[in-house]
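Coordinate analysis (summary)
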Amino acid sequence: MPVQNLAIDTPSRETAVDVAIIGAGPAGLTAGYLLTKRGLSVAIIEKDEAYVGGISRTVEHGGYRFDIGGHRFFSKSQQVVDLWNEILPEDFIQRPRMSRIYYAGKFYSYPLRAFEALWNLGVFRSALCMASFAKAKAFPNRQVKSFEDWTVNQFGHKLYSIFFKTYTEKVWGMPCHEMSADWAAQRIKGLSLWAAVLDGFKRSLGLNRRPNDGMQTKTLLETFRYPRLGPGMMWEAARDKIKATGKGQILMGHALKQLASDKLGGWRMTATGADGDIVIRARHAISSAPMRELAARLHPLPQTSLNANQLKYRDFLTVALKIRIDEDLFPDNWIYIHDDKVKVGRIQNFRSWSPEMVPDGDMACVGLEYFCFEDDGLWSMPDDDLVELASHEMVQLGLISADQVIGGVVVRQDKAYPVYDEDYAANVDAVRRELEATWPTLHLVGRNGMHRYNNQDHAMMTAMLTVENIIAGAHIYDTWCVNEDAEYHEAGNEGAQTAIAPAQAEITPDQAAALTSVRQVPYRLAGEREAA
């Protein structure tokens, strides 16, 4: 039965709820929203003092809004789409989708269109690229092991160095010769340089009127839905709806200190904040916290805590610059920077996401994204130095002049991407199996909770199915059941899978559509640990 005697409005130093939830990101708030809707009480702890939404939050500074990482609202799962519409019924806008590569002062389509790329590179560079391509075809590497091996074989070393090497190494923080070749085959499949060149010649002779992109796969979505004030608008609405039920409390600025078994099948969660500790007793606990951090704070300490401690993460930071303009810098939602002379990996144009995110029509607001690790120099660099670096690199790239920048702000995001090294799968599986066997009322959800590089709808679906398990009082759904390497593209129709009643043990096609919404991640080759 649901716990009834709660002091929700003014949390005391100790309280009791049906479900304690760690993290107010998409997974945690989805769980909280659905549980309170079903009459259960929840307490959600969030270490951020101001923002809910996790990596999907929207940061506001002086009226300007920043999307941390860029979040298009698309899902093939009708259940997820319906939930988005339920939480935020009137604030979605339809936006054009555009993402391009920026190299040597020119824009290139993304996904890469090979014939267009050769045209933009000019006669001399294109000749070098074609010579390099011919060499790779005549003398291919027969011992293909790495991302570099596979990509050079497909495109030649010159095109590989321009369009694949620099950005990939910026994102993942390891050399391409240490990344697995199978990830390259999955990531770049369908692009044929030779087919694109032949198609280009046919088009010049009027023999082919099909798009000359050299791609066999379906095109990506041309438009997408987006909350008019950024993705955080969705999760702020979910927060408000949870509170409005009278069944939920969200404790901001509170980090997990300990999650202890009460030896009766329930939990005693201690969260620490500026005013001290709060204790939350609950029958169930849901965690979207990084698996490594959760294992270290569980009591008793799990036997697989050493496995959890070996899990690694990639971090990033965004430097948002306010720039005085006469016309918008570029129409893209973001551009990929394939230039090894600068450290920035991607640049967002926040007005292209939503005009309402930039309040001044004479200003642009862009977010320069830097991929890093928490212990490197970029992460620990002072904010003023990062703003100066970002401004300098915008000038260096030829996108602005120095006198256009009028200010900037830095937003850091730790543990943004789970790292897939050669041991991660075994470590995750060991932790998961012990926790499930020892504590069936502890539920792992979301990107970091499950150590999966997923999309927003996958995180939500793991929470949605977890709620059904809690309501049923049994493990009727396996949220881990779908192969994380299953192919998932933003192609086809939103909500293409029809919703099916959830009261059944097998995952429905609609639920699977969200659970396959995971991203491909490079594996480090066995024995290659230099940049781990």
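Below or above, wherever it landed, is the structure these notes cover. Every chain is numbered on its own, with residues counted from 1 as its sequence reads. Only residues with pLDDT of 70 or above have their local features reported here, since the model is predicted, and side-chain atom pairs are shown and tallied only from 80 upward, although totals for entire chains, interfaces and linings are computed over all residues. As a convention, hydrogens and water are excluded, and side-chain values are obtained from all of the structure's heavy atoms.

**As for the overall build of the protein**
If you tally the helices and strands in the protein, you get 17 helices and 19 strands. A separation threshold of at least 6 residues defines the contact pool for the protein, and within that pool the share at least 24 residues apart is 73%. Areas reported here follow the Shrake-Rupley algorithm with a probe of radius 1.4 Å; residue values treat only the protein chains shown as occluding. On the protein, roughly 22,800 Å² of surface is accessible, and the fraction owed to carbon and sulfur atoms is 51%. Strands are runs of DSSP state E lasting at least 2 residues, helices are runs of H or I lasting at least 4, and numbering of each runs from the N terminus. Residues count as neighbours in contact if any of their non-hydrogen atoms are within 4.5 Å of one another.

**Concerning the side chain of glutamate 46**
Turning to its location among the elements, glutamate 46 is positioned in strand S2 (residues 42–46). Whether a residue is buried, partly exposed or exposed follows from its accessible area with a 1.4 Å probe, protein chains only, as a fraction of its type maximum: under 20%, in between, or over 50%, in that order. Counted as positive: Lys and Arg. Counted as negative: Asp and Glu, with His and the chain ends omitted from the count. Salt-bridge detection follows one rule: a side-chain nitrogen of Lys or Arg within 4 Å of a carboxyl oxygen of Asp or Glu. For the buried glutamate 46, no salt bridge is present, and the opposite-charge side chain at shortest range is lysine 47, 6.8 Å distant. Apart from the residues lying within four places of it in its own chain, the contact partners of glutamate 46 are Gly23, Ala24, Gly25, Tyr51, Leu251, Met252, Gly253 and His254.

**With respect to the packing of helix H2 (residues 78–87) against helix H16 (residues 456–472)**
How two helices pack is summed up by the angle between their axes together with the distance between the axes. It is the contact of H2 with H16, at a shortest axis distance of 10 Å, that shows an interaxial angle of 90°. As the angle between them shows, H2 and H16 are arranged roughly perpendicular. Contact residues: H2 offers Gln79, Val80, Leu83 and Trp84, while H16 offers Gln456, Asp457, Met460, Met461 and Met464. Classifying every residue of the contact of H2 with H16 gives six nonpolar, two polar and one charged. A fitted line through C-alpha atoms represents every axis, and for helices the fit uses only the stretch in contact; the resulting angles, taken between N-to-C directions, go from 0 to 180 degrees. Orientation is classified from the angle alone, with under 35 degrees giving roughly parallel, over 145 giving roughly antiparallel, 65 to 115 giving roughly perpendicular, and any other angle giving oblique. Charged residues are taken to be Asp, Glu, Lys and Arg, nonpolar residues to be Ala, Val, Leu, Ile, Met, Phe, Trp, Tyr, Cys and Pro, and polar residues to be all remaining types, Gly included.

**Examining the environment of aspartate 91**
Take aspartate 91: it is sitting in the loop between H2 and strand S5 (92–96). The class for aspartate 91 is buried, based on a relative accessible area of 19%. As for aspartate 91 and methionine 233, which are separated by 142 residues in sequence, their C-alpha atoms are 8.6 Å apart. Polar contact is the term for a pair of N or O atoms within 3.5 Å; when the atoms are in protein, one must be able to donate a hydrogen and the other to accept it, and sequence-neighboring residues count only if both atoms are side-chain atoms. At 2.6 Å, the side chain of aspartate 91 forms a polar contact with the side chain of arginine 228.

**Observations regarding helix H1 (residues 26–37)**
Under the convention used throughout, the expected extent of a helix is 1.5 Å for every residue step, that is, one less than its residue count. The first and last C-alpha atoms of H1 sit 16 Å apart over twelve residues, in line with the 16 Å expected at 1.5 Å per residue. Among the twelve residues that make up H1, eleven are buried, leaving the element largely enclosed by the rest of the structure. Of the residues making up H1, those classed as buried are Pro26, Ala27, Gly28, Leu29, Thr30, Ala31, Gly32, Tyr33, Leu34, Leu35 and Thr36. Glycine 39, located one to two residues past H1, shows a positive phi value of around 95°.

**Focus: helix H13 (residues 383–396)**
Spanning 14 residues, H13 covers 20 Å between terminal C-alpha atoms, matching the ideal 20 Å at 1.5 Å per step. Leu386, Val387, Leu389, Ala390, Ser391, Glu393 and Met394 are the residues of H13 that are buried. Taken together, the buried residues of H13 touch strand S14 (313–324), strand S16 (346–349), strand S17 (363–372), helix H12 (377–380) and strand S18 (405–418). Immediately downstream of H13, the backbone of glycine 398 shows phi near 80°, a positive value.

**With respect to the sheet that holds strand S7 (residues 106–109)**
Note: strands within a sheet are paired through backbone hydrogen bonds, in either parallel or antiparallel orientation. A strand pair is defined by DSSP finding two or more bridges across the two strands. With respect to topology, seven strands assemble into an open sheet ordered S7-S6-S15-S16-S17-S14-S18, the strand pairing being mixed. Each having just a single partner strand, S7 and S18 make up the two edges of the open sheet. When strand polarity is set aside, the average angle formed by the axes of neighbouring strands in this sheet is 25°. Here strand S15 (residues 334–337) pairs with S16 via three bridges, running antiparallel. Its bridge partner lying in S16, tyrosine 336 is registered against arginine 346. Set on the sheet, helix H3 (residues 114–138) makes contact with strand S6 (99–103) and S7; between it and S7 the angle comes to about 135°. On the sheet, H13 packs against S14, S16, S17 and S18 and is oriented at approximately 70° with respect to S14.

**Observations regarding a positive patch on the surface**
A surface patch of positive charge is lined by Lys106, Arg125, Lys158 and Lys341. Secondary-structure assignment places lysine 158 in helix H5 (residues 157–172). Judged by its relative accessible area of 31%, lysine 158 is partly exposed. Candidate patch residues must exceed 30% relative accessible area and have no salt bridge, after which like charges are joined if within 9 Å and Val, Leu, Ile, Met, Phe, Trp or Tyr side chains if within 5 Å. A charged residue contributes its charge at one atom only: NZ of Lys, CZ of Arg, CG of Asp or CD of Glu.

**Brief notes about the environment of histidine 443**
As for its position among the elements, histidine 443 is in strand S19 (residues 442–444). Linking histidine 443 and isoleucine 286, residues 157 residues apart in sequence, is a C-alpha distance of 4.7 Å. Once residues lying within four places of it in the same chain are set aside, the contact partners of histidine 443 are His284, Ala285, Ile286, Ser287, Thr466 and Ile470. Separated by 3.5 Å, the side chain of histidine 443 and the backbone oxygen of threonine 441 make a polar contact.

Distances and angles like these do not, on their own, reveal function.
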